Amino acid sequence: MYVCICNAVTEADVHDCVAAGAGTTGQVKRACGWKPGCGSCTTRLAQLVRDARTSDTVEPTAA
């Protein structure tokens, strides 16, 4: 599912960034090449990063 339509970033992309070491929304945005858009994704992104960081097993998703 898309987290950010403006940047075509999916939940899997966010999980992959966190698994690779991104620990903040800013780090995920930089890793995904996120450009400013409408901003409606901000809350969902923050929740996904928080959930992924607190998960016991964070592994990159299969492509």
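Our subject in this report is the structure included herewith. Given the structure is predicted, the values throughout are model-derived calculations rather than measurements. (Residues numbered from 1 in each chain as written. Predicted model: local features only at pLDDT ≥ 70, side-chain atom pairs only at ≥ 80, totals over all residues. Heavy atoms only, no water.)

1. Considerations on the overall build of the chain
Selection criterion: Think of it this way: any DSSP run of H or I at least four residues long counts as a helix, any run of E at least two long counts as a strand, and we number them from the N terminus. A simple rule labels every residue: compare its accessible area, found with a 1.4 Å probe on the protein chains alone, to the largest value its type can have, and call it buried under 20%, exposed over 50%, or partly exposed in between. Any two residues whose heavy atoms approach within 4.5 Å at even a single point are treated as in contact. Note on areas: Shrake-Rupley with a 1.4 Å probe; residue coverage comes only from the protein chains shown.
A tally of regular secondary structure across the chain gives three helices and two strands. Secondary structure elements in the chain, listed N-terminal to C-terminal, are β-β-α-α-α. In the chain, buried positions account for 27% of the 63 residues. Pairs at least 24 apart in sequence give 56% of the contacts found in the chain among residues at least 6 apart. Here the chain has roughly 4,100 Å² of accessible surface; of this, 52% comes from carbon and sulfur atoms.

2. Observations regarding the environment of cysteine 4
Within the element layout of this structure, cysteine 4 appears in strand β1 (residues 2–4). Classification of cysteine 4 by relative accessible area gives buried; the value is 4%. The contact partners of cysteine 4, leaving out residues within four places of it in the chain, are Val9, Trp34 and Cys41.

3. Here we look at the side chain of asparagine 7
What counts, and what does not: Nitrogen and oxygen atoms within 3.5 Å of one another constitute a polar contact, given that in protein one can donate a hydrogen and the other can accept it, and given that sequence-neighbouring residues count only through two side-chain atoms.
Mapped onto the fold, asparagine 7 is located in the loop between β1 and β2 (9–10). There is a polar contact of 2.9 Å between the side chain of asparagine 7 and the backbone oxygen of lysine 35. If sequence neighbours within four positions are ignored, asparagine 7 has contacts with Gly33, Trp34 and Lys35.

4. Here's the deal with unusual backbone geometry
Comment: phi is negative for the bulk of residues other than glycine, and the bulk of peptide bonds are trans. The backbone of alanine 8 sits at a positive phi, close to 55°, despite the residue not being glycine. With respect to the secondary-structure elements, alanine 8 resides in the loop between β1 and β2. Alanine 8 gets classed as partly exposed once you look at its relative accessible area, which sits at 45%.

5. A word on the nonpolar core
The cut-off we apply is this: Buried Ala, Val, Leu, Ile, Met, Phe, Trp, Tyr and Cys residues that are joined via side-chain atoms within 4.5 Å together make up what is termed a nonpolar core.
Residues Val3, Val14, Val28, Trp34, Leu45 and Val49 are the most contacted members of the largest nonpolar core, which totals 14 residues. Taken together, the elements giving at least two residues each to this core come down to β1, α1 (11–19) and α3 (42–54). Take this core: its biggest share by element is four residues, from α3. In this view, valine 3 contacts Val9, Thr10, Glu11, Val14, Trp34, Cys41, Arg44, Leu45 and Leu48; residues no more than four positions away in its chain are not counted.

Any functional reading would require information beyond the geometric quantities listed.
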